[in-house]
Amino acid sequence: MNKLECILGNFKMKNPVTVASGTFGSGKEFKDFYDLALLGGIMVKGTTPEKKVGNKPQRLVETSGGIINSIGLANGGVDDFIKNILPEARNYGTEIIVNISGSSIDDYGYMAERLSIEGVSALEVNISCPNVKEGGITFGTDPQMAYEVAKMVKKNTSKPIIMKLSPNVSNIAIMAQAVESGGADIISMINTLIGMAIDIEKQKPVINNIIGGYSGPPIKPVALRMVYEVYKAVNIPIIGMGGIMNTNDALEFIMAGASAISVGTGNFVDPYIPINIIKGLEAFLDKKGLTSYTQIIGIAHK
Ligand SMILES: Cc1cc2nc3c(=O)[nH]c(=O)nc-3n(C[C@H](O)[C@H](O)[C@H](O)COP(=O)(O)O)c2cc1C
């Protein structure tokens, strides 16, 4: 039996280790490091209905802990994705989870319908990007809007739907319940916090867009707390992320209630982190005499 087999309702992966959207390209950028088929799944860079050039540079800065990015969803648009990216990605031997964004509820419906094609394993719906002016974060902070987006996506696809939550709210459990009632099959969390950095020589913000999404190890305690809260609030599985750098981090998320995890900023530090986590999880289960990692999902609540 595969101790790491991961069943998230209607969505199956060979193991619970994925890579987070925007930190792994479409996989191509990392395929020389290791066989991508080892991964549970790849959450590809955010896709929008039309091509987006993204925000003006500077778009990324390293801080004393973690990074701030303001990419602004630069991507070639959904047609380019289907024509030029998916044909290669679908042969990687892993689940291809397409991260979608839009600036209206109809955009999300359109994206869901366009991507209801072979080779797309699931849709991850980004309602929480802090770096785009319209839509994005509004959908992710208003429970009614989040519910409407989930409902619209559900109506337009039979693929598993993963709703990605923003941490930039006062009550994450309410957001989770809203997307669950809208038809989400799975929740992924968290997207980036909002941060900024100032260049004291230039005496102005480092990031051209002033603020950006803050990610990496320092956000882990926040993400973990939120996963813990959401686990108690909903009945659908959670893919946890936020500062995961090693097996111990991944185990903390699983024990808090995540049924799968995702490595984001960690990929920039060491591309082998996801692979080391897969091996580390197996070793931990062996050490504890467990037959499946599912035996420890949410165990910290007991
Ligand atoms: C450079 C960069 C680009 C990102 N782009 C996206 C994106 O397109 N869509 C999305 O849903 N999340 C995006 N994210 C958020 C990550 O997927 C992840 O939720 C977040 O960074 C927290 O995980 P981490 O601390 O492990 O990086 C991006 C993050 C970074 C650092």
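This text follows the structure it describes.
Not measured: the values here are computed from a predicted model.

Asks: Got a sec to walk through the packing of aromatic side chains? Specific residues and values, please.
Replies: Evaluation of the coordinates by the stated rule reveals five aromatic pairs. Geometrically, the ring pair formed by Tyr108 and Phe139 is edge-to-face, given 5.4 Å between the ring centres and 90 degrees between the ring planes. Here Tyr108, found in helix α2 (residues 105–114), pairs with Phe139, found in helix α3 (residues 137–141); they are 31 residues apart in sequence, far enough to count as distant. Members of the aromatic cluster, connected to one another through ring pairs, are Phe24, Phe30, Phe33, Tyr34 and Tyr272.

Asks: For the packing of helix α7 (residues 247–256) against helix α9 (residues 273–288), give the residues involved together with the corresponding values.
Replies: Closest axis-to-axis distance for the α7/α9 pair is 9 Å, and the angle between their directions is 65 degrees. For the element pair α7 / α9, the angle class is roughly perpendicular. Considering only the axes of α7 and α9, their crossing is right-handed. Taken together, the residues of α9 that come into contact with α7 (itself represented by Thr247, Ala250, Leu251, Ile254 and Met255) are Asn276, Ile277, Gly280, Leu281 and Phe284. Residues belonging to the contact of α7 with α9 are distributed by class as follows: seven nonpolar, three polar and no charged.

Asks: Break down the sheet that holds strand β7 (residues 95–100) for me, citing the residues and quoting the values.
Replies: Strand pairing in a sheet relies on backbone hydrogen bonds. The paired strands run either parallel or antiparallel. The eight strands are arranged β3-β4-β7-β8-β9-β10-β15-β16 in a closed barrel whose pairing can be described as parallel. Geometrically, the sheet is characterised by an average inter-axis angle of 25 degrees between neighbouring strands, direction not taken into account. The pairing of β7 with strand β8 (residues 122–126) spans four bridges and is classified as parallel. Residue pairing for β8: Ile97 is matched across the bridge by Ala122.

Asks: Please give an account of the layout of surface pockets that cites residues and values.
Replies: Which parts of space are left empty comes out when a probe the size of a water molecule is rolled across the atoms. The computed volume of the largest pocket comes to approximately 500 Å³. Lining the largest pocket are 33 residues, and of these Ser21, Thr23, Asn69, Asn191 and Thr192 lie nearest its centre. Looking at the lining of the largest pocket, the elements with two or more residues in it are β6 (67–69) and α8 (266–269). Within the lining of the largest pocket, the residues separate by chemical class into 12 nonpolar, 19 polar and two charged.

Asks: Mind laying out the pairing of strand β9 (residues 161–164), listing which residues take part and the relevant values?
Replies: Burial along β9 is two-sided: Ile161 and Met163 and Ile162 and Lys164, pointing in opposite directions, are all buried. The pairing of β8 with β9 spans four bridges and is parallel. When the sheet's bridge partners are listed, Leu123 is paired in β9 with Ile161. Alignment of β9 against strand β10 (residues 186–189), held across three bridges, turns out to be parallel. Following the sheet pairing, Lys164 is matched in β10 by Ser188. Between the parallel elements β9 and β10, the chain passes through helix α5 (residues 172–182) in a crossover that is right-handed.

Asks: Could you give me a rundown of the pairing of β7, with the residues and numbers involved?
Replies: Counting buried residues in β7 gives five out of six residues, a clear majority hidden from the surface. Pairing geometry for strand β4 (residues 41–43) and β7, over three bridges, is parallel. Looking at the pairing, Gly41 lines up with Glu95 of β7. Where the polypeptide runs from β7 across α2 and back to β8, its parallel neighbour, the crossover connection is right-handed.

Asks: Let's hear about the sheet that holds strand β14 (residues 212–215): which residues, and what values?
Replies: Spatially, β5-β6-β14-β11 is the arrangement adopted by the four strands of the open sheet, whose pairing is antiparallel. One side of each edge strand has no neighbouring strand; the edge strands of this open sheet are β5 (60–62) and β11 (193–195). For this sheet, the mean angle separating the axes of adjacent strands, direction not counted, is 35 degrees. Judged from the three bridges that link them, β6 and β14 form a sheet pairing that is antiparallel. When the sheet's bridge partners are listed, Asn69 is paired in β14 with Gly213.

Asks: Explain the environment of Lys45 to me, using residue names and the numbers behind them.
Replies: Counting through the fold element by element, Lys45 comes out in the loop between β4 and β5. With a relative accessible area of 25%, Lys45 lands in the partly exposed category. Note: C-alpha distance between Lys45 and Lys83 (38 residues apart in sequence) is 15 Å.

Asks: Provide a residue-level description of the site of the ligand, including the pertinent values.
Replies: Near the ligand, the surroundings consist of 23 residues, among which Ser21, Lys164, Gly216, Gly243 and Thr265 are the closest. Asn126 places a polar side-chain atom, nitrogen or oxygen, 3.2 Å from an oxygen atom of the ligand. Gly216 is positioned such that a nitrogen or oxygen atom in its backbone is 2.9 Å from an oxygen atom of the ligand. Coverage of the ligand by the protein amounts to 97% of the 610 Å² it exposes when considered alone. Under a 2 Å grid-point criterion requiring more than half of the atoms, the pocket assigned to the ligand is the largest pocket. By residue class, the composition of the shell around the ligand is six nonpolar, 15 polar and two charged.

Cut-offs used in this document
Residues numbered from 1 in each chain as written. Predicted model: local features only at pLDDT ≥ 70, side-chain atom pairs only at ≥ 80, totals over all residues. Heavy atoms only, no water. Phe/Tyr/Trp six-rings, centres within 6.5 Å; stacked < 30°, edge-to-face > 60°. Helix = DSSP H or I, 4+ residues; strand = E, 2+ residues; numbered from the N terminus. Axes fitted to C-alpha atoms, helices over the stretch in contact; angles between N-to-C directions. Parallel < 35°, antiparallel > 145°, perpendicular 65-115°, else oblique. Left-handed = near helix turned anticlockwise from the far one by under 90°. Contact = heavy atoms within 4.5 Å. Nonpolar A, V, L, I, M, F, W, Y, C, P; charged D, E, K, R; others polar. Pairing = 2+ DSSP bridges. 1 Å grid on protein atoms, 1.4 Å probe; cavity = no way out; pocket = protein on both sides within 12 Å on 5 of 7 lines; lining within 4 Å. Points joined across faces, edges and corners; volume = space filled by probe spheres on them. Buried < 20%, exposed > 50% of the residue type's maximum accessible area, 1.4 Å probe, protein only. Right-handed = clockwise from strand over helix to strand, strands pointing away. Near = heavy atom within 4 Å. Polar contact = N/O pair within 3.5 Å; in protein donor to acceptor, adjacent residues only side chain to side chain. Areas by Shrake-Rupley, 256 points an atom, 1.4 Å probe, with all protein chains shown as cover. Sits in = over half its atoms within 2 Å of the grid points.

Keep in mind these numbers describe shape, not what the thing actually does.
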